[in-house]
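Each chain, written out:
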Amino acid sequence: LITQYQTNIDTASSSLELEETQISEALSQVQAAKDLIIQANSTRSVTDQTAIASQLQAILGQLVDLANTRFDERYIFSGANAFNKAVIQNPDGTY
């Protein structure tokens, strides 16, 4: 019984550590997106705006990947639906 408790504690600790890491990375990505949006508002060059749009699309992809992080066969940000992705892209490109 004590062994099972220790296993549960270890699993919960590992899961929480991963969640904290992923949330921290997501916050970094959101900050990078914010910085790019501010930069886009101050540029008139279509080339620059296209490059920024591409960077923002990449950040969106990274955020989706972070949201769909798995631990022990479960999606950590899916709540009660842990066996389903937290974020999916629809055929029309929306989420």
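For the structure itself, consult the block above.
For clarity, every value in this text was computed on a predicted model and none was experimentally measured. (Residues numbered from 1 in each chain as written. Predicted model: local features only at pLDDT ≥ 70, side-chain atom pairs only at ≥ 80, totals over all residues. Heavy atoms only, no water.)

(A) Up close: the packing of aromatic side chains. Tallied over the entire structure, the rule returns zero aromatic pairs. For the cation-ring pair, Arg70 lies above Tyr75, with the distance from its terminal atom to the ring centre recorded as 4.8 Å. (Phe/Tyr/Trp six-rings, centres within 6.5 Å; stacked < 30°, edge-to-face > 60°. Lys NZ or Arg CZ within 6 Å of the ring centre and 35° of its normal.)

(B) Structural view of helix H2 (residues 46-67). With 22 residues, H2 extends 31 Å between its outermost C-alpha atoms, agreeing within 8% with the 32 Å of an ideal straight helix rising 1.5 Å per residue. Within H2, burial applies to Ile52, Ile59, Val64, Leu66 and Ala67. Projected down its long axis, H2 shows its buried positions confined to an angular sector of 155°, all on one face. Every exposed residue of H2 that faces more than 90 degrees away from the buried side is listed here: Val46, Thr47 and Asp65. At the N-terminal end of H2, a side-chain oxygen is found 3.3 Å from the backbone nitrogen of Thr47, two or three residues along, and the residue is Ser45. (Helix = DSSP H or I, 4+ residues; strand = E, 2+ residues; numbered from the N terminus. Expected span 1.5 Å × (residues − 1). Buried < 20%, exposed > 50% of the residue type's maximum accessible area, 1.4 Å probe, protein only. Arc of directions from axis to C-beta. Polar contact = N/O pair within 3.5 Å; in protein donor to acceptor, adjacent residues only side chain to side chain.)

(C) Quick look at the side chain of Gln29. Note that Gln29 resides in helix H1 (residues 2-41). Looking at Gln29, the relative accessible area reads 12%, which means it is buried.

(D) Representation of the environment of Val87. Tracing the backbone through its elements, the reader meets Val87 in the segment after strand E2 (74-75). Ignoring any residue separated from it by four or fewer positions in sequence, one finds Val87 in contact with Val64, Ala67, Asn68 and Tyr95. (Contact = heavy atoms within 4.5 Å.)

(E) Examining the nonpolar core more closely. Listed in full, the five residues of the largest apolar core are Ala33, Leu36, Ala40, Ile52 and Ile59. A per-element tally of this core places H1 first, with three residues. Those residues in contact with Leu36 that sit more than four places away from it in its chain are Ile52, Gln55, Leu56 and Ile59. (Core = buried A, V, L, I, M, F, W, Y, C linked by side-chain atoms within 4.5 Å.)

(F) Geometry of the environment of Leu27. Considering the arrangement of structural elements, one finds Leu27 in helix H1. Between the alpha carbons of Leu27 and Ile38 there is a distance of 17 Å; along the sequence they are 11 residues apart.

Nothing here speaks to function; it is geometry throughout.
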